[in-house]
Amino acid sequence: MAERIIPVVDHRVLSTAPDIPAELEAPTGLVADSLARPLHDLRISVTDRCNFRCVYCMPKEVFDKDYAFLPHSALLSFEEITRVAKVFVAHGVRKIRLTGGEPLLRKDIERLVEMLAGLSTPDGEAIDLTLTTNASLLARKARALKEAGLKRVTVSLDALDEKVFQRMNDVDFPVSDVLKGIDIAHAVGLGPIKVNMVVKGGMNDQEILPMARHFKGSPFILRFIEYMDVGSSNGWKMDEVIPSAEVIRRINAEMPLEEIEPNYTGETAERWRYKDDGSEIGVISSVTRAFCHDCTRARLSTEGKLYTCLFATQGHDLRALIRSGRSDLELSTVVANIWRRRGDRYSELRTANTDLTERAVRKVEMSYIGG
Ligand code: SAM
Ligand code: SF4
Ligand code: SF4
C-alpha cells in the first residue's frame, strides 16, 4: 500500500475564517453535503474545561495545571451561540446537544438552555434540546435545567465499582453521586435518560455485566461506547477497543438479547432488547462498524469553530465572522457552503485502514470540539 503522509497540525493555528461566497442565497433552506447527508444535529461545546480527568478523554498527564485552557474572552457568548444555532436550525438542524468539557461547569448554563429552548424549526416545531454530562453537578442543577426548557440528559458513567470508576475519572469522584444525579434528573422529568459507558479494554470491561444487570429493567437506557481514537492525547491503541459484538456476546450469554430496529435513520446506537423483560440497551460501534454514511452531525467548538467531523483537523472560524460584524445572511451562506462541500467519513476510512490512527495525526481533542 502507498505511504500515506498525514501532517501533524495544531487546530488552534490551522482553523480558518471561511470566505464569504460571492453569491449570497436565501438564509434558510435545507442543505445536504457532498455524500447527500442532510444537516440534522448540532453539538455545541460550551466549555473546554472539566472537573474529571477521564483517562480516555482528558488524561492528567496532558491536562495538568499548566494546560492552557481557553480564556473566557475566547468563548462564544450565549448570545453568539444562540445566533449561530438559529442559522443551523434554518438549515435543517432539529436536535441540539450541549456538551464540552463538562457543560454544567459553564456559569449560568440554564440561561443558554432557556435561549436555545426558544428556537423553533421553520415549520414551527420545537428543537430537541439535550445535554451530555458527567452528572457531578446534575443533582444540584436538574430542576433549573428542566424549568429552563431542557428536554433530557445523557449521563456518562463508566463503572459501578468505586475503585474502577475512580480509576476511569481519575479525580476520585464517587459513583453514588452520579447515581443520585441520574435519579434526580429522572424525578424532575429530564428523560428518557441514556447512560453512556465507554469500554476500555483492561480498564473497565469487567464492569460490562454489573452495569447491564444494574440498569436492566430500569427507566434508563444503558449504551456501551467503543473506545475511540479521538484527539491526540489518550494514547489510543486498537487492542484496547472491546468491540460491541463482544459486549453483546458477554451480556447475551447471561441475559438473552435480540436486536431491534433503529428509531430513525442516522441513529448512532444499535439497539438491543432483553428477551425476558423487553428493556433496552444500545451499542455505539464507532470503531468496528462505522456509521459515517448516515452522519448528520455538525460540531461547534467552545470558541466558535465549526467542525464537520469529530476527527477533523481543521475548523471553520465562525466567531471571526460574527465578531467582524457579518450579517445573518452572510453567516447562513457560509454555513450552507461548508456543509455542501463536506465529504468527511473518517471512521469508514479508519476501518479500511487502521494504520490511519496509529500514525502522527494530530486531531482535535474531544473536550474542545464537544463529544
Ligand atoms: N463531560 C461530559 C460527559 O462526560 O458526559 C460531556 C463531554 S464528553 C467529551 C462526551 C462523551 O464523550 C462522554 O460520554 C464520553 O464518555 C465520551 N468520550 C470521551 N472520550 C472518548 C473516547 N476516547 N472514546 C469514546 N467516547 C469518548
Ligand atoms: Fe470530562 Fe466528559 Fe471528558 Fe470525562 S469524558 S474528562 S467527564 S469531558
Ligand atoms: Fe461522522 Fe466523522 Fe464520526 Fe464519520 S467519523 S460518523 S463523519 S463524525
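Residues numbered from 1 in each chain as written. Chains lettered and ligands numbered in written order. Predicted model: local features only at pLDDT ≥ 70, side-chain atom pairs only at ≥ 80, totals over all residues. Heavy atoms only, no water.

**Details of the UniProt feature "binding site: [4Fe-4S] cluster 2" (unreviewed entry) in the protein**
Here comes step 1: Per the UniProt entry, the sites bearing "binding site: [4Fe-4S] cluster 2" (unreviewed entry) are Cys292, Cys295 and Cys309 in this numbering. Of the residues just listed, which span 18 residues, no C-alpha pair is farther apart than 9.3 Å, and they cluster in one region.
Here comes step 2: Within the secondary structure layout, Cys292 lies in the loop between strand 9 (280-284) and strand 10 (297-300).
Here comes step 3: When near neighbours in sequence (up to four residues on either side) are disregarded, Cys292 contacts Arg37, Arg345, Tyr346, Ser347 and Glu348.
Here comes step 4: Along the polypeptide, Cys309 turns up in the loop between strand 11 (305-307) and strand 12 (316-317).
Here comes step 5: Judged by relative accessible area, which is 12%, Cys309 ranks as buried.
Here comes step 6: Beyond its immediate chain neighbours, meaning those up to four positions away, Cys309 contacts Asp344, Tyr346 and Ile369. (UniProt positions renumbered as here; feature names shortened; annotations may be inferred. Helix = DSSP H or I, 4+ residues; strand = E, 2+ residues; numbered from the N terminus. Contact = heavy atoms within 4.5 Å. Buried < 20%, exposed > 50% of the residue type's maximum accessible area, 1.4 Å probe, protein only.)

**Overview of the side chain of Asp33**
Here comes step 1: Relative to the assigned elements, Asp33 resides in the loop between helix 1 (11-14) and strand 1 (41-45).
Here comes step 2: On the accessibility criterion, Asp33 (6% relative accessible area) is buried.
Here comes step 3: Separated by 2.9 Å, the side chains of Asp33 and Arg342 make a polar contact.
Here comes step 4: Among residues more than four places away in sequence, those in contact with Asp33 are Trp339, Arg340 and Arg342. (Polar contact = N/O pair within 3.5 Å; in protein donor to acceptor, adjacent residues only side chain to side chain.)

**A word on the site of ligand 3**
Here comes step 1: By nearness alone, every residue bordering ligand 3 is listed as Phe291, Cys292, Cys295, Arg297, Arg299, Cys309, Leu310, Phe311, Arg342, Asp344, Tyr346 and Ser347.
Here comes step 2: Where the shell around ligand 3 is concerned, the elements lending two or more residues are strand 10 and helix 11 (346-352).
Here comes step 3: Residues belonging to the shell around ligand 3 are distributed by class as follows: 7 nonpolar, 1 polar and 4 charged. (Near = heavy atom within 4 Å. Nonpolar A, V, L, I, M, F, W, Y, C, P; charged D, E, K, R; others polar.)

**Observations concerning the UniProt feature "domain: Radical SAM core" (unreviewed entry) in the protein**
Here comes step 1: Here, UniProt's "domain: Radical SAM core" (unreviewed entry) annotation points to residues 34-258.
Here comes step 2: Within the segment residues 34-258, helix and strand shares are 32% and 16% respectively, and the terminal C-alpha atoms sit 35 Å apart.

**Concerning the site of ligand 2**
Here comes step 1: All residues in the neighbourhood of ligand 2 are listed as Cys50, Phe52, Cys54, Tyr56, Cys57, Met58, Gly101 and Asn134.
Here comes step 2: Tallied by class, residues from the shell around ligand 2 come to 6 nonpolar, 2 polar and no charged.

**Examining the environment of Pro219**
Here comes step 1: Assignment of secondary structure puts Pro219 in the loop between helix 7 (208-215) and strand 6 (221-226).
Here comes step 2: Overall, Pro219 belongs to the partly exposed group, its relative accessible area being 46%.
Here comes step 3: In the structure, Pro219 is positioned 25 residues away from Ser244 in sequence and 22 Å away in space, judged by C-alpha atoms.
Here comes step 4: Look past the residues within four positions of Pro219 in its chain and what remains in contact with it is His186 and Ile193.

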